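Notes for the structure review
Chain by chain, the residues:
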Amino acid sequence: MGVNSNRVEDFSSHRINTEPVMPGMEIHTVCLSPKKTTLQKLKQRLSEIFFPDDPLYRFKNQTWRKKLLLGLQFLFPIFQWAPEYRLKLLRSDIISGLTIASLAIPQGISYAKLANLPPIVGLYSSFVPPLIYAILGSSSHLGVGPVSIASLIMGSMLSETVSPRDEPILYLKLAFTATFFAGLFQASLGLLRLGFVIDFLSKATLVGFMSGAAVIVSLQQLKGLLGISHFTSKMQFIPVMSSVFKHRDEASGIIKCKEAFWSWQTIVMGFSFLVFMLTTRHISMKRAKLFWVSAAAPLTSVILSTLFVFCLRSKTHKISFIGHLPKGLNPPSANMLYFSGPDLELAIKTGIVTGILSLTEGISVGRTFAALKNYQVDGNKEMMAIGFMNMAGSCSSCFVTTGSFSRSAVNYNAGAQTAVSNIVMATAVLVTLLFLMPLFYYTPNVILGAIIISAVIGLIDYQAAYCLWKVDKLDFLACLCSFFGVLFISVPLGLGIAVGVSVFKILLHVTRPNSLIMGNIKGTQIYHSLSRYKEASRVPSFLILAIESPIYFANSTYLQERILRWIREEDEWIKANDGSPLKCIILDMTAVTAIDTSGIDLLCELRKMLEKRSLKARLSPNQSHLALVLTNPVGSVMEKLHQSKMLDSFGLNGIYLAVGEAVADISALWKSQPDFPEDCNETRQCKETMR
């Protein structure tokens with residue numbers, strides 16, 4: 001052999017030990033990582049987990065005054081952009097703020113009814129939270145307020161146990177308490193930098209969940225669109241459709257019977273305005289410059305329908321309307337928070353579920369529009385901002401709020417420059433609360449249902465579902481489970497099923513990792529998958545395998561069985577194609593990012609199995625010995641292999657920096673042993689054992 005190949009060296013020694021094995025080929029030393037104490041390793045690992053963005057880097061080498069200013073900017077982003085604010089930006093912010101206010105007022109009333117809350121609570125929720133977000137939030141375009149998904153979840157989960165009609169005060173207390181716990185959970189994730197928790201809600205899960213929820217929400221609005229007075233409070237497909245059609249015989253005599261189940265006046269008004277809003281939405285999607293058409297449609301519908309009912313109130317008695325809404329600012333509700341009693345668990349559970357969903361929507365929407373303007377949104381700051389505004393909102397008669405996609409899209413298209421647009425919107429809502437509430441007295445409930453349908457129908461993303469089917473069948477399965485779970489079981493259980501499928505997918509990848517056989521691309525030192533690259537070919541006497549995952553206790557047994565199967569299949573291929581006897585197994589560990597003690601035991605057991613085969617090879621002419629070689633282990637894997645003393649059993653030719661170097665060096669070793677052409681370190685060990 002031309003080179004001493006014990007290539008495991010400490011970091012402090014020279015890195016490269018080269019001696020030509022063949023023209024243009026060098027054999028490089030495999031180095032260990034710099035030595036660190038256990039405390040240093042733990043500190044680095046925790047830093048990577050909780051502080052991947054190194055949030056304190058701005059404070060390095062700064063004066064104490066500068067650090068104080070940076071601290072204020074870090075905690076309150078308003079101190080970052082407010083000093084640079086110019087009056088020329090105010091015009092754009094006022095226009096965008098008034099535009100989203102025209103959308104926020106009817107949406108707030110509608111989503112409050114979706115959550116089975118008094119309509120006025122929806123307006124309260126569009127006043128206080130946007131002001132708090134303007135101080136704490138890091139997005140310049142996020143439009144804050146109630147959203148359909150969180151409203152739906154809260155309404156469905158609370159109404160399963162407490163009836164909003166029979167126990168309105170208790171229901172209201174639980175809604176405020178759930179909002180408080182939602183905010184507490186969100187702020188805690190931000191403070192403890194645990195935002196990765198929401199990553200378990202994959203895109204596939206959310207696509208199915210939102211589509212199912214949108215269908216359920218739309219079907220629930222049939223109560224208002226059809227003028228049904230008695231309707232199920234359940235949120236499943238079958239009970240909802242049963243409530244719609246169980247009295248169809250009565251519906252056929254609607255004109256003759258005063259107690260008819262459906263109201264034709266309500267149907268005509270509801271579907272007319274629904275078509276109007278869907279049409280304006282379609283126009284704004286086709287032409288981005290006409291975004292204001294879609295934004296103004298809900299408020300226009302409210303104004304026109306209210307005037308219609310007011311002018312013809314003597315002839316439209318079958319069309320129900322909102323009625324009296326109290327004027328004035330948000331009343332305090334801290335005394336209504338429910339911290340003890342039998343329903344506290346329900347409030348906490350509702351708060352956590354709505355908190356996760358609203359947080360996911362708010363952060364994803366904020367990052368979407370930040371990317372369009374090329375600036376960064378700090379996820380942990382967003383969690384704290386959304387959390388604190390919900391905690392404050394629960395004490396000021398608000399329910400769960402977050403960043404709304406529809407409001408944010410309108411805000412962005414209207415030319416918003418900073419979070420001042422949220423302040424302008426809150427001011428417009430304040431004026432409405434103080435002076436304009438009597439104008440909503442005759443607003444028909446059917447319009448609120450039409451607004452909700454037009455808003456949530458965009459959540460049915462069939463194109464995304466089709467893309468999931470084409471790209472990843474397991475993701476599509478998670479999407480379907482989420483969709484049908486929400487549709488036929490319940491909203492929270494449907495979400496739980498989808499998360500379960502996503503976790504199962506993760507476990508499947510961990511416990512059954514991918515492994516492949518590699519070959520050489522002729523004329524190069526590049527080795528790639530034989531099944532992927534047609535120009536790659538087997539290297540005689542070598543079986544080169546790549547493992548594409550960490551090696552843990554969960555997959556070590558599988559990998560052992562799979563590697564032995566690869567060896568058996570390679571032997572069969574050699575016999576069928578009259579190839580060279582198999583002499584060396586090379587494990588490419590480039591993609592093995594981590595290893596535990598079970599993984600180390602796997603390598604030891606595999607080496608022992610190949611040793612036994614080598615012993616048998618001396619007794620049977622039909623078998624050849626097999627050597628096990630590792631290539632390119634990453635630093636942490638290399639360190640564990642070294643600390644476990646496992647590398648000592650591999651001898652001089654057990655580990656290499658690259659597959660090409662391993663093939664070249666071992667081939668040179670075989671050529672240097674004329675008496676034993678198949679000899680390598682493993683064979684010599686077998687000879688000594690047999691003697």
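Just so it is clear, the structure is predicted and the values come from calculations on it, not from any experiment.

Here's the deal with the overall build of the protein
A count of helices and strands for the protein gives 27 helices and eleven strands. Counting every position in the protein, which comprises 691 residues, the buried fraction comes to 51%. Expressed as a percentage of contacts within the protein between residues at least 6 apart in sequence, the contacts between residues at least 24 apart total 76%. About 33,400 Å² of surface is accessible on the protein, with carbon and sulfur atoms providing 61% of the total.

Side note on the pairing of strand β8 (residues 542–547)
Of all six residues that make up β8, six are buried, and the element is covered over most of its length. A two-sided burial pattern is seen for β8, the buried positions comprising Phe542, Ile544 and Ala546 on one face and Leu543, Leu545 and Ile547 on the other. Here four bridges tie strand β5 (residues 515–521) to β8, and the two strands are oriented antiparallel to one another. Considered in β8, the bridge of Ile517 is made with Leu545. Where β8 and strand β9 (residues 584–588) come together, five bridges link them in parallel fashion. Paired with Leu545 across the two strands is Leu587, which belongs to β9. A crossover links β8 with its parallel partner β9, the connecting element being helix α23 (residues 556–577), and its sense is right-handed.

Some remarks on the environment of Lys35
Within the fold, Lys35 resides in the loop between β2 (30–31) and α1 (38–50). For Lys35 and Glu639, which are 604 residues apart along the polypeptide, the C-alpha to C-alpha distance reads 9.3 Å.

A look at the confidence of the model for the protein
Within the protein, residue pLDDT values average 81, and 86% of them lie at 70 or more. Mean pLDDT values for the elements of the protein range from 40 in helix α27 (residues 681–690) up to 94 in helix α8 (residues 168–191). A low-confidence stretch, residues 619–623 stays under pLDDT 50, and its non-local contacts, those more than four residues away or across chains, total four contacts. Confidence over residues 675–691 falls short of pLDDT 50; this stretch has 41 contacts with residues more than four positions distant or in other chains.

Concerning the packing of aromatic side chains
A ring pair, where both rings are aromatic, is described by two values, the distance of the centres and the angle of the planes. The final tally for this structure, using the stated rule, is 15 aromatic pairs. Feature note: the residues Phe237, Phe483, Phe484 and Phe488 constitute an aromatic cluster, connected by ring pairs. One cation-aromatic arrangement involves Arg538 over Trp573; the distance from NZ or CZ to the ring centre is 4.1 Å.

Some details on the side chain of Asp343
Structurally, Asp343 is set in the loop between α14 (291–311) and α15 (344–372). In this view, Asp343 contacts Thr161, Val162, Leu170, Leu174 and Tyr338; residues no more than four positions away in its chain are not counted.

So, unusual backbone geometry
A positive phi is found at Asn632, a non-glycine position, where the angle reads about 55 degrees. Its place among the elements puts Asn632 in the loop between β10 (627–631) and α25 (635–643). Judged by its relative accessible area of 27%, Asn632 is partly exposed. Not every positive phi belongs to a glycine, and Lys645 is a case in point at roughly 65 degrees. Mapped onto the elements of the fold, Lys645 is located in the loop between α25 and β11 (655–656). The exposed category is assigned to Lys645, whose relative accessible area is 56%.

Considering the packing of helix α4 (residues 87–114) against helix α18 (residues 420–436)
Closest axis-to-axis distance for the α4/α18 pair is 7 Å, and the angle between their directions is 50 degrees. When the axis of α4 is compared with that of α18, the two are oblique. When you trace α4 past α18, the crossing you get is right-handed. Between α4, through Leu90, Asp93, Ile94, Ser96, Gly97, Leu98, Ile100, Ala101, Ala104 and Ile105, and α18, the contact on the second element is made entirely by Val420, Ser421, Val424, Met425, Ala428, Val429 and Thr432. Within the contact of α4 with α18, the residues separate by chemical class into twelve nonpolar, four polar and one charged.

With respect to helix α26 (residues 659–671)
Under the 1.5 Å per step criterion, the end-to-end length of α26 is 18 Å for 13 residues, consistent within 8% with the ideal 18 Å. For α26, a buried count of ten out of 13 residues is recorded, marking the element as mostly surrounded by other parts of the structure. What α26 keeps buried is the set Val659, Gly660, Glu661, Ala662, Val663, Ala664, Asp665, Ile666, Leu669 and Trp670.

A look at the environment of Gln80
Relative to the assigned elements, Gln80 resides in helix α3 (residues 78–81). Placed ten residues apart in sequence, Gln80 and Leu70 show a C-alpha to C-alpha distance of 8.5 Å.

What counts and what doesn't
- Residues numbered from 1 in each chain as written.
- Predicted model: local features only at pLDDT ≥ 70, side-chain atom pairs only at ≥ 80, totals over all residues.
- Heavy atoms only, no water.
- Helix = DSSP H or I, 4+ residues; strand = E, 2+ residues; numbered from the N terminus.
- Buried < 20%, exposed > 50% of the residue type's maximum accessible area, 1.4 Å probe, protein only.
- Contact = heavy atoms within 4.5 Å.
- Areas by Shrake-Rupley, 256 points an atom, 1.4 Å probe, with all protein chains shown as cover.
- Pairing = 2+ DSSP bridges.
- Right-handed = clockwise from strand over helix to strand, strands pointing away.
- pLDDT = per-residue confidence, 0-100.
- Phe/Tyr/Trp six-rings, centres within 6.5 Å; stacked < 30°, edge-to-face > 60°.
- Lys NZ or Arg CZ within 6 Å of the ring centre and 35° of its normal.
- Axes fitted to C-alpha atoms, helices over the stretch in contact; angles between N-to-C directions.
- Parallel < 35°, antiparallel > 145°, perpendicular 65-115°, else oblique.
- Left-handed = near helix turned anticlockwise from the far one by under 90°.
- Nonpolar A, V, L, I, M, F, W, Y, C, P; charged D, E, K, R; others polar.
- Expected span 1.5 Å × (residues − 1).

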